[in-house]
Amino acid sequence: METRTKKRATRKVNNGQVSKPRKSKINGEVKTIPQIQMLDIGLVSPDSGQPRKTFDDQSLNQLAQSIAQHGVLQPITVRKSDDGYIIVMGERRFRASKLAGLTTIPAMVRDYVDTEVLEVQIIENLQRKDVEPTEEAEAIQFLLDRYEPTEIAQRLGRSENYVRQRVKLAGLIEGFKTFVRRGEMTLGLGVAVALFESEEQKLMLESMEGDFQEHRVKRMIDNRSFDLTQACFDVTDKTLVPKAGACNVCPFNAANQGNLFGEGKMVCTRTSCFENKKTKTFMKLLKRVKKEGLKLVPNISKYWVDEERNQWVMAQMEKEGLEVHLTNELDILKKPVEPTMESIKEGHGHYEYTEEELTEFLDEALESYTKDKEKWDNAMDHGFGKGILLEPDSYLTQAIYVKIREESDDRGSDVKSLEKRKMSDCTPAEQIIKINTRELRKKEIENNNQFKDVVEMIRETDYIDQKKALSIDEMVAISISLFENNIGYYGQREHFEDFFGDDSQLSREEIVAQFKQNFKKETLYKLLRFLLTRQVHLGESNHTNDLTNQSFYMAMQSFYRDKIAIVEDTYAGKRQKREARIKERILVLEQQAEVLKD
């Protein structure tokens, strides 16, 4: 086999002798055209600086089998070295030839300077179909020192957006690159992570503790990226933070990195800069409202007053000498927006209404708008003052009219409730109450956020595609969820009075534990059957024109076929009598029609 292969491979080069280079005259200059030579495979070695690092073993073995049968059909390209030849292009063919047991390999010897070698290797690698994405990204990054993205795209036959995304991928730190190489992390997600600075990426990687978890990466990206169309500042303002410049031309704006979040969508991936600009905008706002005598109203109710960000916002207002009021202490008028048919359709898009119904909705909305507009136009005459409503998370604002709500207080006008008083105005005992109340609220908020994160994580897993039967814990959770959210008060009293048993002295955790301990599958079956009877569609829907009703009707046949048959017979009897009368009436009308024809 090897002998036949050698003969085929050397047939065109004078039985193994080096052919003389041919000369060609181009534009008056004599150019030497390199010829194919058969080189001792032991004198050829790979280039240690070759950009390509990975070779698929399976495809390499397949190529080796092909070479063993047909020979090396395309010669490799090499350059001379002190002790032989170094491969410029064709390392994969070289490796496969060694696996096939060849002792010589066809090659073209060319003269290259070092910088030309790397560029040739990179372009050759990038034109392959199976190039590894992170290697491709690093290679394109190298070419950027010599060419513009447009020129690279033309050379590779790729789009400019493709090139820009690969350039961004080159900024991915090594740990995330490993996830991409192993196929655990999609390229889109890798590019999204690469938008962040390396220090930010390191924090994200460390929090994963070595295990790739797609839902966590997505959540970290969401928490660290900001929609610039919803920014509280002008994204074209280059003076807000002079060192950072304007957002619309910033390299950390995803719109300038190849539309990674959608066509032209501006998303900031530099958390510290975005927060800095937000804070500066907020501080400027404080000075402006004080100067113009406006009332600044943070959109904070008494239920959220203890959140850390809300506390900080109120503290900054007090430092600036501004009075702080919670929204539940104020009457607030927002500028009404005139409704249109488009906005009505959007607001009622969950159901297919007729044009007549939508017109009625629009008329009602216009009537409400007229009243609200009148209140807005005459607000100053009714004790309202100009104000600004501030969202404490985003610092977005809107113009409002506002006045302090008049409330009667049995303790006298000079006495404030404990929750409204500053800490410094409280006695030590009252301060303890306030501290404990705040801590309870903070724990509640933390639990809210923790539960939300767990739910979002579960929703992004394959939980709903599980094939195995429901566990007892799952059936307990479904039963309680159905009872709490789908069974009304009277349904609970009439059909499920002892659902939880004696729970008067139990905490929520103890109630769930007790319910699980006493759980029977029949409880879940009863809940489902109760809901089955309640969630059918009555009125204009029936068992012949509605899928829900039709499936219910069929299911009930196995339980109450005889009773259903009695009802069916009753209606069938009425129908037959009616149809007989109709038939007689139509017969008379047909006879009259015939007479009129004559």
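Residues numbered from 1 in each chain as written. Predicted model: local features only at pLDDT ≥ 70, side-chain atom pairs only at ≥ 80, totals over all residues. Heavy atoms only, no water.

*Asks:* Help me understand unusual backbone geometry, please; the structure alone is not making it clear to me.
*Replies:* Most of the time, phi is negative for any residue but glycine, and the peptide bond is trans. Although it is not a glycine, tyrosine 395 sits at a positive phi angle of roughly 65 degrees. For tyrosine 395, the position within the fold is in the loop between strand 12 (385-390) and strand 13 (397-404). Judged by its relative accessible area of 4%, tyrosine 395 falls in the buried class. (Helix = DSSP H or I, 4+ residues; strand = E, 2+ residues; numbered from the N terminus. Buried < 20%, exposed > 50% of the residue type's maximum accessible area, 1.4 Å probe, protein only.)

*Asks:* What should I look at first to understand the state of the cysteines in this one?
*Replies:* By definition, a disulfide links two cysteine residues through a covalent bond between their sulfur atoms. Counting across every chain of the model gives 0 disulfides. Distance from the sulfur of cysteine 268, which forms no disulfide, to the nearest cysteine sulfur (cysteine 273) is 6.0 Å. (Disulfide = S-S within 2.5 Å.)

*Asks:* What is the right way to read the sheet that holds strand 4 (residues 44-45) from this model?
*Replies:* Remark on secondary structure: sheet strands pair via backbone hydrogen bonds, oriented parallel or antiparallel. Here 5 strands make up an open sheet; going across it, the order is 3-7-5-6-4 and the pairing mixed. Strands at the two margins of the open sheet, each flanked by one partner only, are strand 3 (36-40) and strand 4. Sheet topology places strand 5 (residues 76-81) next to strand 6 (residues 84-89); 5 bridges connect them, and they run antiparallel. Following the sheet pairing, valine 78 is matched in strand 6 by isoleucine 87. Sitting on the sheet, helix 3 (residues 91-99) touches strand 4, strand 5, strand 6 and strand 7 (104-109), and the angle it makes with strand 6 is about 125 degrees. (Pairing = 2+ DSSP bridges. Contact = heavy atoms within 4.5 Å. Axes fitted to C-alpha atoms, helices over the stretch in contact; angles between N-to-C directions.)

*Asks:* What is the right way to read the layout of surface pockets from this model?
*Replies:* Unfilled space is identified by rolling a water-sized probe across the atoms. Size it by volume and the second largest pocket reaches roughly 500 Å³. Lining the second largest pocket we find 13 residues, and of these Arg219, Asn223, Asn449, Lys452 and Asp453 sit closest to its centre. For the lining of the second largest pocket, the element with the most residues is helix 11 (residues 214-224), which contributes 6 residues. Looking at the lining of the second largest pocket, its residues break down into 2 nonpolar, 3 polar and 8 charged. (1 Å grid on protein atoms, 1.4 Å probe; cavity = no way out; pocket = protein on both sides within 12 Å on 5 of 7 lines; lining within 4 Å. Points joined across faces, edges and corners; volume = space filled by probe spheres on them. Nonpolar A, V, L, I, M, F, W, Y, C, P; charged D, E, K, R; others polar.)

*Asks:* Where do I start with empty space enclosed by the protein in this structure?
*Replies:* Following the criterion strictly, the structure yields 2 cavities of 30 Å³ or more and no others. Along its surface, the largest cavity is lined by Leu228, Phe233, Ala246, Cys247, Cys250, Phe252, Asn253, Cys268, Arg270, Cys273, Phe274 and Lys277.

*Asks:* Can you walk me through a nonpolar patch on the surface in this structure?
*Replies:* Taken together, the side chains of Val454, Ile458, Tyr463 and Ile464 define a hydrophobic patch exposed on the protein surface, amounting to about 390 Å² of accessible area. Positionally, tyrosine 463 belongs in the loop between helix 16 (428-459) and helix 17 (472-486). Overall, tyrosine 463 belongs to the partly exposed group, its relative accessible area being 39%. (Patch = residues over 30% accessible without salt bridge, like charges linked within 9 Å, V, L, I, M, F, W, Y side chains within 5 Å. Areas by Shrake-Rupley, 256 points an atom, 1.4 Å probe, with all protein chains shown as cover. Salt bridge = Lys/Arg side-chain N within 4 Å of Asp/Glu carboxyl O.)

*Asks:* Quick question: what am I supposed to make of the side chain of threonine 134 here?
*Replies:* Its location among the elements puts threonine 134 in helix 5 (residues 133-143). For threonine 134, a relative accessible area of 0% translates into the label buried. A polar contact is formed between the side chain of threonine 134 and the side chain of arginine 181, at a distance of 3.1 Å. What threonine 134 contacts, discounting residues up to four positions off in sequence, is Leu169, Lys177, Val180 and Arg181. (Polar contact = N/O pair within 3.5 Å; in protein donor to acceptor, adjacent residues only side chain to side chain.)

*Asks:* What is the right way to read helix 7 (residues 160-169) from this model?
*Replies:* A turn of α-helix holds 3.6 residues, and therefore any two residues three or four places apart point the same way. Of all the positions in helix 7, only Tyr162, Val163, Arg166, Lys168 and Leu169 are classed as buried. In this fold, the buried residues of helix 7 make contact with helix 5, helix 6 (149-156), helix 8 (174-181) and helix 9 (187-194).

*Asks:* Whenever I open this one, the sheet that holds strand 11 (residues 330-334) confuses me. Can you help?
*Replies:* Read from one edge of the open sheet, 4 strands run 10-12-13-11, paired in mixed fashion. Two strands lie at the open edges of the sheet, namely strand 10 (295-298) and strand 11, each paired on one side alone. With strand direction ignored, the average angle separating the axes of adjacent strands in the sheet is 40 degrees. In this sheet, strand 13 lies alongside strand 12 in antiparallel orientation, the contact comprising 6 bridges. Its bridge partner being in strand 13, glycine 387 is matched across the sheet by isoleucine 400.

*Asks:* I keep staring at a positive patch on the surface and nothing clicks. Help me out?
*Replies:* On the surface, a cluster of positive charge is made up of Arg575, Lys577, Arg578 and Arg581. In this structure, arginine 581 sits in helix 21 (residues 547-597). (Lys, Arg positive; Asp, Glu negative; His and termini not counted. Charge placed at Lys NZ, Arg CZ, Asp CG, Glu CD.)

*Asks:* Looking at this structure, I do not really get the packing of aromatic side chains. What am I missing?
*Replies:* Given two aromatic rings, one states the distance between the centres and the angle between the planes to describe the pair. Across all of its chains, the model carries 17 aromatic pairs by this definition. Between phenylalanine 483 and phenylalanine 500, the aromatic rings sit 5.4 Å apart at their centres with planes inclined by 90 degrees, giving edge-to-face as the arrangement. Linking phenylalanine 483 in helix 17 with phenylalanine 500 in the loop between helix 18 (489-495) and helix 19 (508-517), this pair joins segments that are 17 residues apart in sequence. With relative accessibility at 6%, the residue phenylalanine 483 sits in the buried group. Positioned over the ring face of tyrosine 395 is lysine 278, at 5.1 Å from the centre of the ring. Sitting over the ring of tyrosine 571, lysine 574 keeps its end group 5.3 Å from the ring centre. (Phe/Tyr/Trp six-rings, centres within 6.5 Å; stacked < 30°, edge-to-face > 60°. Lys NZ or Arg CZ within 6 Å of the ring centre and 35° of its normal.)

*Asks:* Even after reading the chapter, I still don't get helix 9, so can you show me in this structure?
*Replies:* In terms of residue burial, helix 9 counts as a mostly covered element, since 6 of its 8 residues are buried. In this fold, the buried residues of helix 9 make contact with helix 7, helix 8, helix 10 (198-208) and helix 11.

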